[in-house]
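What follows is each chain in one-letter form.
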Amino acid sequence: MGASQATAALEVTPQQLHKLRGCGLLGSRAELEALRTPGGQWRYPHEAVRQLHARAQVELPGTGEDLAVHLAPLQIDEHGEVHQRTHVGWSAAAADAGLSVRQIEDAWVGVWPVKDPDRHIGAALVGDVAGFVVEVAQITGWRRIGGDVRFEVDAPTPQMAQRYAGRRFHAAPGDKKQRLRRPRPARS
């Protein structure tokens, strides 16, 4: 299927489709390269698009401090010494690329501009690519790295895993992070 069909089926922008491809959620790089047209246009496996499309929407909590971090494709962190990590982002094939479990966690948990990190202790940290949840953890603490926050995490609670794992939500545009809570009703 072509890019315009995939963006429509997944209800994403072309930029979000690019992130999904780069993170390996639509197939491996080799699989996708084999589907490219002679003119260089990307094509996507129907089954991969169908599986992402079939993900249920997250039932967002009414209140709470769950936090989503919007992830880009995995790459070497140019500021790794400062950020105290080797990579940044997320990839379905990170383990195959030789990254350790700790490197994979450091890459997606990352460092984020958060003003009041204490409010998120005990809440879920949700890693997503274009609104498709790829990681879930429970925030147990934090530390400052430069001006940003590095969350300490543990396995998600069963409730967090049930709410978020393998699901999707509408990713708010513009920011690298998003508080996950039900939108307030519009005032009339």
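Residues numbered from 1 in each chain as written. Predicted model: local features only at pLDDT ≥ 70, side-chain atom pairs only at ≥ 80, totals over all residues. Heavy atoms only, no water.

### Notes on the overall build of the chain
Then comes step 1: When helices and strands are counted, the chain shows seven helices and seven strands.
Then comes step 2: For the chain, the succession of helices and strands along the chain, N to C, is α-α-α-α-β-β-α-β-α-β-β-β-α-β.
Then comes step 3: Whereas a compact globule of 188 residues would reach a radius of gyration of roughly 16 Å, the chain reaches 17 Å, a difference of no more than 12%.
Then comes step 4: Considering only C-alpha atoms, the chain reaches an extent of 50 × 50 × 30 Å along its principal axes.
Then comes step 5: The burial tally for the chain puts 42% of its 188 residues in the buried class.
Then comes step 6: Expressed as a percentage of contacts within the chain between residues at least 6 apart in sequence, the contacts between residues at least 24 apart total 62%.
Then comes step 7: As displayed, the chain offers around 10,500 Å² of accessible surface, 51% of which is attributable to carbon and sulfur atoms.
Then comes step 8: Of the charged side chains in the chain, 24 are positive and 21 negative, and the gap between their average positions amounts to 7 Å. (Helix = DSSP H or I, 4+ residues; strand = E, 2+ residues; numbered from the N terminus. Rg over C-alpha atoms; globule rule 2.2 N^0.38 Å. Buried < 20%, exposed > 50% of the residue type's maximum accessible area, 1.4 Å probe, protein only. Contact = heavy atoms within 4.5 Å. Areas by Shrake-Rupley, 256 points an atom, 1.4 Å probe, with all protein chains shown as cover. Lys, Arg positive; Asp, Glu negative; His and termini not counted. Charge placed at Lys NZ, Arg CZ, Asp CG, Glu CD.)

### Side note on the packing of aromatic side chains
Then comes step 1: Using the criterion set out here, one finds zero aromatic pairs in the structure.
Then comes step 2: The aromatic ring of Trp42 is capped on one face by Arg36, whose charged end is 3.9 Å from the ring centroid. (Phe/Tyr/Trp six-rings, centres within 6.5 Å; stacked < 30°, edge-to-face > 60°. Lys NZ or Arg CZ within 6 Å of the ring centre and 35° of its normal.)

### Overview of the pairing of strand S4 (residues 124–129)
Then comes step 1: Burial runs high along S4: six of the six residues are buried.
Then comes step 2: Judged by which residues are buried, S4 turns out to be covered on both faces: Ala124, Val126 and Asp128 on one side and Leu125, Gly127 and Val129 on the other are all buried.
Then comes step 3: Direction of pairing for S4 relative to strand S5 (residues 132–145): antiparallel, over a ladder of six bridges. Residue pairing for S5: Leu125 is matched across the bridge by Ala137. (Pairing = 2+ DSSP bridges.)

### Let's talk about the pattern of salt bridges
Then comes step 1: Under the definition given, this model contains nine salt bridges.
Then comes step 2: The salt bridge partner of Glu65 is Arg119, with a shortest N-O separation of 3.1 Å. A residue pair is termed long-range when its members are at least 10 positions apart, and Glu65 in the loop between helix H4 (46–53) and strand S1 (67–70) and Arg119 in the loop between helix H6 (101–109) and S4 qualify at 54 residues.
Then comes step 3: You can call Arg119 partly exposed: its relative accessible area is 38%.
Then comes step 4: For Arg150, the salt bridge goes to Asp106, with nearest N and O atoms at 2.2 Å. Of the two residues, Arg150 is situated in strand S6 (residues 148–154) and Asp106 in helix H6; the sequence distance between them amounts to 44 residues. (Salt bridge = Lys/Arg side-chain N within 4 Å of Asp/Glu carboxyl O.)

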